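Geometric and topological summary
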Number of protein chains: 4
Amino acid sequence: MVQQHKLITMPLAELEHVIINGRTTGERSPLTLFWSGSGIELHTTGSQLELEVETDYDHAEQWLSIWINGVQVSRLMLQKGRNWLTLFRGMNPEKVKHVQVVKEVQPMGADQLSLLQFHALRGDGRLQPVASKPVRLEFIGDSITSGEGGIGAREEEDWIPMWFSASDSYAKLTADALGADYRVISQSGWGMLSSWDNNPNHAIPLYYEQVCGVLTGERHKQLGAQQAYQFATWQPHVVVINLATNDYSAFHQPAWKDEASGQLYKQRLLPDGSFHPDDLARFELAVQQFLEKLRSCNPDAHLLWAYGMLGTPMLPAIYRAVDRYMQQSGDRKVSVFQLPSMTDATTGARSHPGKLAHAKAAEELAGYIAELLH
Amino acid sequence: MVQQHKLITMPLAELEHVIINGRTTGERSPLTLFWSGSGIELHTTGSQLELEVETDYDHAEQWLSIWINGVQVSRLMLQKGRNWLTLFRGMNPEKVKHVQVVKEVQPMGADQLSLLQFHALRGDGRLQPVASKPVRLEFIGDSITSGEGGIGAREEEDWIPMWFSASDSYAKLTADALGADYRVISQSGWGMLSSWDNNPNHAIPLYYEQVCGVLTGERHKQLGAQQAYQFATWQPHVVVINLATNDYSAFHQPAWKDEASGQLYKQRLLPDGSFHPDDLARFELAVQQFLEKLRSCNPDAHLLWAYGMLGTPMLPAIYRAVDRYMQQSGDRKVSVFQLPSMTDATTGARSHPGKLAHAKAAEELAGYIAELLH
Amino acid sequence: MVQQHKLITMPLAELEHVIINGRTTGERSPLTLFWSGSGIELHTTGSQLELEVETDYDHAEQWLSIWINGVQVSRLMLQKGRNWLTLFRGMNPEKVKHVQVVKEVQPMGADQLSLLQFHALRGDGRLQPVASKPVRLEFIGDSITSGEGGIGAREEEDWIPMWFSASDSYAKLTADALGADYRVISQSGWGMLSSWDNNPNHAIPLYYEQVCGVLTGERHKQLGAQQAYQFATWQPHVVVINLATNDYSAFHQPAWKDEASGQLYKQRLLPDGSFHPDDLARFELAVQQFLEKLRSCNPDAHLLWAYGMLGTPMLPAIYRAVDRYMQQSGDRKVSVFQLPSMTDATTGARSHPGKLAHAKAAEELAGYIAELLH
Amino acid sequence: MVQQHKLITMPLAELEHVIINGRTTGERSPLTLFWSGSGIELHTTGSQLELEVETDYDHAEQWLSIWINGVQVSRLMLQKGRNWLTLFRGMNPEKVKHVQVVKEVQPMGADQLSLLQFHALRGDGRLQPVASKPVRLEFIGDSITSGEGGIGAREEEDWIPMWFSASDSYAKLTADALGADYRVISQSGWGMLSSWDNNPNHAIPLYYEQVCGVLTGERHKQLGAQQAYQFATWQPHVVVINLATNDYSAFHQPAWKDEASGQLYKQRLLPDGSFHPDDLARFELAVQQFLEKLRSCNPDAHLLWAYGMLGTPMLPAIYRAVDRYMQQSGDRKVSVFQLPSMTDATTGARSHPGKLAHAKAAEELAGYIAELLH
């Protein structure tokens, strides 16, 4: 066991060589993490390294994973409060280690206290420059992109943070396969036009331009969740949009009532079980408008609608909307890609895609994106 | 998110329905865990469950993994002291969960302070009876059986607890494939006759009859590590012995000097590079005597020498020794099984078998044991 | 070795229990086989069975495979002339064997002499009734559906019958996975609107209603290739259309000149490399019209456009055309499915999908069709 | 389709650049093939190549496979008589093709007429020199090494040539993995000391020094099957002996009676079901003596006993015998390797190892031999 040197505490704000993964504000004292797959990444010498983590919650606790030299060595539920988390101990002090800390869970909007912050590092080594990755990918989605059910037994049915796994999600696997940095904007149950239960406020496009607009609590506002996101600081090469799965559910769920206004919202089916054309048109218009917004925020990115891990019923509508957007805009850097469907053998927890389904989707998607990037 | 009931603290000593995995003493206030793969297993209702864990160390920290309904949901390095570790939160209180907590690391004899104890459970559910598993397996081995290198990047070279993974070891995988309860006695670097560096005190047979005789510190003595193990309480159906890998190394290492007596110990090679027949004979005699000891401790078990994950140079000697033991004893319930060798594609950390090598070994071994148990 | 009984010659025309696979005429004296994957299938007792085969060609020879109890036991190039081919010998005469003989190659229109006929069976057993399969699939396609490159080394570049493998094609694999009878209409290089080199006569829809209209030689006419196909005799549950790959090539190839009329045919690109809208519209109209024809021929079938094994550039146009067809017709039993793209690891001969690419496509497609058939 | 040049007939005897695979006599006019996996191998230009094959049999017909550029393109049952077999047609005449023709079946001693000969090649190309492979392997075995059951449905029970597949055997797969030339000496049902049914004449060692001594018919004698094999012409680097599986069966089968002498032969079990020590000793002595013979025939080869695909009950005896041989001879280039056992998932026809079992055995064995050859 290596004799460690004296540990030095280094506030994150003072550290040049720490890469921040995921959308966040410019604040580094402390660094607040919002999204699934966000975290930090660094190269360092030293025998030991610790991370000062602060977390809070009412009911939806935080989970982190720790990766050393590309291998996940730990995944853990965080205890409330401000604590030092050991990332590694007893290692050869001379050698450079690649370290990642990944937030495994999505923003938990229903938990007003939900908080994850990194304050400082403490160690006996010296951080090394990390070359920034040559490709940047943004993933916009729902529970699938949040890795819900990516971990856990098939029989699990509870909606709890434990079953979320950013590390098993196709988003991380696709980025890793392409050597890419990536950011995720995703919320379980949400969609293009509404959530699975017809709530029109749970539509991702409404919040796309904020740092993490889906968090609306007072604490989150103070943390800057609703600030305008500075798109210029991180322009993706490809924006992957994996939305529509919950929009399909909305057609099969009861209306959602806005308690304030009394208004009802509902995507309707015709008596023969097909989509009501007016409601389908609303969905398509939402897709078209979201593409416009994405383009204005990401002038050079390829916009890629990737859909199908839980079936493809909305694919014709997506194709129509994308087509209309392309016709009207003249924009050519847009396409649609059908992801392979989860099968009985690849189902994970909560009837969601499991590790194998995510791995398969990532393999296909990474192959397609590699062609785009040629 | 489920509203939890009041949490009740339940000392382990008072709990009837907690299965203790791994060799330990009769003491339950608290329960001390010694060996790789040891831990607890239970079935319970309730929305939340916590485990009171106490740990200490000088340099070799403890690691645990948590399994819910057969899936590993967490693996973490423990912080020193006595703390409550949440096993699950927010689950459907009515449903019964299968929970396992597994010690990921082997006994760390070089760390005199090394300690892992479980004091109590705290939760809002009710423990359920767990049917004891119909098959019991004991695994005796070295670093391979301790799962050293089962986790971690190939480039890792540090000898640290982080790279030990009971959960990835062929021992756990074999037991799981057969639905068996299992116990592990293993020490990295140790062998039949001596350790990899010719130290004759680091021979597993010397300590086989104690609870955990390989721990010799004062603290460990007080915890009962050196007590006689009560074989009658848990008789295995099969004893798997995976030793000889370090005995082979001893032939290629310098002599070990007993500083007290000044005596040198060395397994010698002949000038042509082959084993010195006298030293090979000493190894074989040790195998033969160990089989006698194993038989006397485990009257009905099948004794199975399983060897080969890091090559098979000692296999002829093992066969000879087993043969001689069988001839002299008339014992028929003994056999030898060659495990598949690690390949370039299945190498893990520290030049040891990785997850894939363990999985392959477990598949073959479980098939062989299934035939034995017919 | 079993002593065989006297062999009896049985003209195919007199045999009730032989299932004919693939489109053909009503003629059975002899039976002419035209399409890839066509052949016969039977259950029989007896120790030995032979098939009287007649074949001819100028340069494009015929290949057959023989399957016994679901396993391919032989694949062979046929010698010209009329010969007895042994299907099995020396088997237990009492047991019933399932036997299939499969034409491995597509219709070879460029070879005016091309001929494959089965005259009679000869054996010592008794044919047994075969229950007809509950699902019927029709596959319409190009070289991919013909299994071109499904066998052979990656370096192969010759366009010869040897590299065609009906048995490795996704069509057979999909049908087998679903326990379905299937028929194939496919020609290497052909498309919806034209062939890969803009020849408008090499468009599958022109010949869809004939038995095998793609064969236009005098001999083929006499054999009935150009007869109207009797759709009523075999109505598929699903029609899979895998066309567009060559239509994409046509945009990138020189014009094709009709030597008779002097007219040039060409799918054009715009200066910026995108499809000329008029020509893309012609393609889409062709898709739409083909769907109308398919519907009129197959009133109850699900029409499934499955495309993507060599990339997806035509998918938006296919979606548009299918959409327009559905809007105008009100037909709901139509959908589009993106097949997984061939990768570097799954490439076969002649830069075409290899066995692994076909197997992967079949797995995904069979999963999708299974849902349709629910 | 390429226009072929005039075909030239080339007697094999006059061809310098044809590699002969497998043990045979020095005769090339014609070349007689005896053993499983034997055949020819060549590199050639030209558009077309044919092979003049002569075959005969009473009941056990011959099967060949044809490989072009490393891919099996055909496998077929041969018709009696002397015929030209087309190996390829219509290929680019300029390019060099690698062509192999492989005898799929073992010597069929029970069929006195059994015959396979190659007379000549006919083609329009020019043979090219083939570099001889740097490694040579000899495989000595029984049905497993003959690839019996490597092809065919699991339900097959007939003992017929159709279920033999040299191409799927671990012997070919191991040789291919190592880029090695290989020769096979194997007979289904035969063993070290006797066949599965105690016939002492069906012991491979009795015939090891002849070209193909297991063929004893008058025709075979005239073909030179019983000639002394010229070991000096082809010295293997490794001799793999996979015998003992049928010797185990002999313990469980009735005695075999030599009708001439009236003598009974039987490997006996003791009342408790274990091997009779005298009979086991006879087996071990036979192993020891065979090793002596192998060494005298192959002075520099590593002798490798590889056993276990259908279980390992004889492994201790093999180890004992090998050990005794090594002790008495001082020979060090001898070892034992346990092959992975066939499982339910890898079973082929006739309860023998299927393709997957052979592939797995070959992977392990090739890894072990690669180490030996270092």
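Here, residues in each chain are numbered from 1, in the same order as that chain's written sequence. Throughout, the order in which chains and ligands are written sets their labels, letters from A for the former and numbers from 1 for the latter. In view of the model being predicted, local features appear only for residues whose pLDDT reaches at least 70, and side-chain atom pairs are presented and counted only at 80 or more, with totals across whole chains, interfaces and linings using the full set of residues. Values shown for side chains rest on all heavy atoms present in the structure; no hydrogens or waters enter the calculation.

By the naming in an unreviewed UniProt entry, chain A goes by SGNH hydrolase-type esterase domain-containing protein and is assigned to Paenibacillus montaniterrae.

**A closer look at the pattern of salt bridges**
Residue and element names in this part refer to chain D. Basic side-chain nitrogens of Lys or Arg form a salt bridge, by our definition, when they fall within 4 Å of a carboxyl oxygen of Asp or Glu. Evaluated as defined, the whole model comprises 88 salt bridges over all chains. R75 is the salt-bridge partner of E104, the closest N and O atoms lying 3.4 Å from each other. One end of the pair, E104, is in the loop between β9 (97-103) and β10 (115-123); the other, R75, is in strand β7 (residues 71-77), and 29 residues separate them in sequence. Residues E104 and R75 agree in their burial class; the two are buried. Runs of E in the DSSP output that reach at least two residues are strands. Runs of H or I that reach at least four are helices, and both are numbered from the N terminus. Exposure categories follow from relative accessible area, calculated using a 1.4 Å probe and restricted to protein chains: below 20% of the type maximum is buried, above 50% is exposed, and the middle band is partly exposed.

**Describing the relation of the copies chain C and chain A**
Residues below a pLDDT of 70 in either copy are left out; the C-alpha atoms of the rest, at least 70 in both, set the least-squares superposition of the copies. For the pair chain C and chain A, the best superposition has an RMSD of 0.0 Å and corresponds to a rotation of 180° with a translation of 0.0 Å parallel to the axis. Here the copies are linked by what is in effect a two-fold axis. Should any heavy atoms of two residues lie within 4.5 Å, those residues are counted as being in contact. In this assembly, 100% of the residues forming the interface of chain C have copies in chain A that are likewise at the interface, indicating an isologous arrangement.

**Focus: the interface of chain C and chain A**
Of the residues lining the interface, 19 residues belong to chain C; the matching set on chain A comes to 19 residues. Close ionic contact of E364(A) with K360(C) constitutes a salt bridge, the shortest N to O distance being 2.7 Å. Polar contacts, as counted here, are pairs of nitrogen or oxygen atoms within 3.5 Å of one another; within protein the pair requires one atom able to donate a hydrogen and one able to accept it, and residues that are adjacent in sequence qualify only if both atoms are side-chain atoms. Across the contact surface, chain C and chain A share nine residue pairs in polar contact (both at pLDDT 80 or more). For the side of chain C that touches chain A, the elements supplying multiple residues, two or more each, are α5 (315-329), β18 (334-338) and α6 (355-373) of chain C. Three classes are used, and their members are as follows: Ala, Val, Leu, Ile, Met, Phe, Trp, Tyr, Cys and Pro are nonpolar, Asp, Glu, Lys and Arg are charged, and the others, Gly among them, are polar. Residue composition of the side of chain C that touches chain A, by class: seven nonpolar, five polar and seven charged.

**So, the relation of the copies chain B and chain A**
With an RMSD of 0.0 Å, the operation that places chain B on chain A is a rotation of 180° combined with a shift of 0.0 Å along the axis. Taken together, the interface assignments show that 97% of the residues at the interface of chain B recur at the interface of chain A, consistent with an identical surface on both copies.

**A word on the pairing of strand β7 (residues 71-77) of chain A**
Residues and elements named next belong to chain A. The element β7 is largely enclosed, with a buried count of six among its seven residues. Paired strands, as defined in this entry, are two strands with at least two bridges between them according to DSSP. Looking at chain direction, strand β6 (residues 63-68) and β7 are connected through six bridges and run antiparallel. By the bridge assignment, W67 is partnered in β7 with Q72. Count of turn residues in the β6/β7 antiparallel hairpin: two residues, of which N69 carries a positive phi of about 50°.

**Focus on the sheet that holds strand β14 (residues 238-242) of chain A**
All names here are of chain A. Judged by pairing direction, the sheet is parallel, and its five strands sit side by side in the order β13-β12-β14-β17-β18 without closing on themselves. At either margin of the open sheet sits one strand with a lone partner, and together these are β13 (180-186) and β18 (334-338). Averaged over all adjacent pairs, the angle separating strand axes in this sheet is 20°, with direction ignored. Of the strand pairs in this sheet, strand β12 (residues 135-141) and β14 are connected by five bridges, and their pairing is parallel. Following the sheet pairing, F139 is matched in β14 by V240. Think of each axis as a best-fit line through the C-alpha atoms, taken over the contacting stretch in the case of a helix, with angles from 0 to 180 degrees between the N-to-C directions. In this fold helix α5 (residues 315-329) packs onto β17 (302-307) and β18, with an angle of close to 170° to the strand it touches most, β18. Of the strands in this sheet, β12, β14, β17 and β18 are in contact with helix α6 (residues 355-373), which crosses β17 at around 160°.

**Examining the sheet that holds strand β14 (residues 238-242) of chain D**
All names here are of chain D. Spatially, the five strands line up as an open sheet ordered β13-β12-β14-β17-β18, and their pairing is parallel. The two strands at the open ends of the sheet, each matched to only one other strand, are β13 (180-186) and β18 (334-338). For this sheet the average axis-to-axis angle between neighbouring strands, irrespective of direction, equals 20°. Where strand β17 (residues 302-307) lies against β18, five bridges are found, and the strand directions are parallel. What sits directly across from L304, in β18, is S335. The sheet contacts of helix α5 (residues 315-329) involve β17 and β18, and relative to β18 the element is tilted by about 170°. Strands β12 (135-141), β14, β17 and β18 of the sheet are contacted by helix α6 (residues 355-373), whose axis makes an angle of about 160° with β17.

**Considerations on the domain arrangement of chain A**
All names here are of chain A. Along its sequence, chain A is carved into domain 1 (8-126) and domain 2 (135-373). An automatic or database domain assignment provides the domain bounds reported here. Placing the centre of domain 1 and that of domain 2 at their C-alpha centroids yields a distance of 26 Å. At the junction of the two partners, domain 1 supplies 33 residues and domain 2 supplies 35 residues. Here the quantity called buried area is the accessible surface, traced with a 1.4 Å probe, that two parts lose on coming together, added over both. Carbon and sulfur atoms supply 55% of the area buried between domain 1 and domain 2, which totals about 2900 Å² over both sides. Counting the surface domain 1 buries against domain 2, the share from its top three residues, R23, W35 and Q106, is 28%. For the interface between domain 1 and domain 2, the tally reads two salt bridges. Where domain 1 packs against domain 2, one counts 18 residue pairs in polar contact (both at pLDDT 80 or more). Broken down by secondary-structure element, the contributors of at least two residues to the side of domain 1 that touches domain 2 are β2 (19-21), β6, β7, β9 (97-103) and β10 (115-123). With three residues, the top contributor of residues to the side of domain 1 that touches domain 2 is β6.

**A short note on the interface of chain B and chain A**
Each partner contributes residues to the interface: chain B has 38 residues there, and chain A has 37 residues. Across the interface of chain B and chain A, roughly 2900 Å² is buried in total on both sides, 55% from carbon and sulfur atoms. One salt bridge in this structure joins E157(A) and K95(B), with 3.7 Å as the shortest N-O distance. Elements with a minimum of two residues in the side of chain B that touches chain A: β6 (63-68), β7 (71-77) and β8 (81-88) of chain B.

**Quick word on the packing of helix α5 (residues 315-329) of chain B against α5(D)**
Following both chains from N to C, one finds α5(B) and α5(D) inclined at 110°, their axes separated by 10 Å at the closest point. When the axis of α5(B) is compared with that of α5(D), the two are roughly perpendicular. The two elements α5(B) and α5(D) cross, and the hand of that crossing is left-handed. Contacts from L315(B), P316(B), Y319(B), R320(B), D323(B) and Q327(B) in α5(B) reach L315(D), P316(D), Y319(D), R320(D), D323(D) and Q327(D) in α5(D). Its residues assigned to classes, the contact of α5(B) with α5(D) comprises six nonpolar, two polar and four charged. The labels follow the angle: roughly parallel below 35 degrees, roughly antiparallel above 145, roughly perpendicular from 65 to 115, and oblique for the rest. In this scheme, a crossing is called left-handed if the near helix is turned counterclockwise away from the far one by less than a right angle; it is called right-handed if the turn is clockwise.

**Let's talk about the packing of aromatic side chains**
Here a Phe, Tyr or Trp ring, Trp counted by its six-membered ring, pairs with any other such ring whose centre lies within 6.5 Å, and the pair is stacked when the planes are under 30 degrees apart, edge-to-face when over 60, and tilted otherwise. Within this structure, the stated rule accounts for 46 aromatic pairs over all chains. When the centroid spacing of 6.2 Å and the interplanar angle of 80° are considered together, the rings of F139(D) and Y182(D) count as edge-to-face. With F139(D) in strand β12 and Y182(D) in strand β13, the pair connects residues that are 43 residues apart, well separated along the chain. Under the relative-accessibility criterion, Y182(D) is labelled buried at 9%. One aromatic cluster in this structure is built from Y208(A), Y229(A), F231(A) and F290(A). Each ring is checked for a lysine NZ or an arginine CZ that lies within 6 Å of its centre and within 35 degrees of its normal; such an atom marks a charge sitting over the ring. Of note, R23(B) hangs over the ring of Y208(B), and the distance from its end group to the ring centre comes to 4.7 Å. Taking NZ or CZ as reference, R122(C) lies 4.1 Å from the ring centre of W84(C), over its face.

**Some remarks on the arrangement of the chains**
Contact between chain B and chain C is absent, and the least distance between their C-alpha atoms amounts to 18 Å. At the C-alpha level, the nearest point of chain A lies 17 Å from chain D, with no contact between them.

**Considerations on helix α1 (residues 170-177) of chain D**
All names here are of chain D. Taken as a whole, α1 has its buried residues at Y170, A171, K172, T174 and A175. For α1, the elements touching its buried residues are β6 (63-68), β9, β12, β13, β14 and α6. Structurally, the start of α1 carries an N-cap: the backbone nitrogen of A171 is 2.9 Å from a side-chain oxygen of S169. Following α1 by one or two positions, G179 has its phi on the positive side, about 60°.

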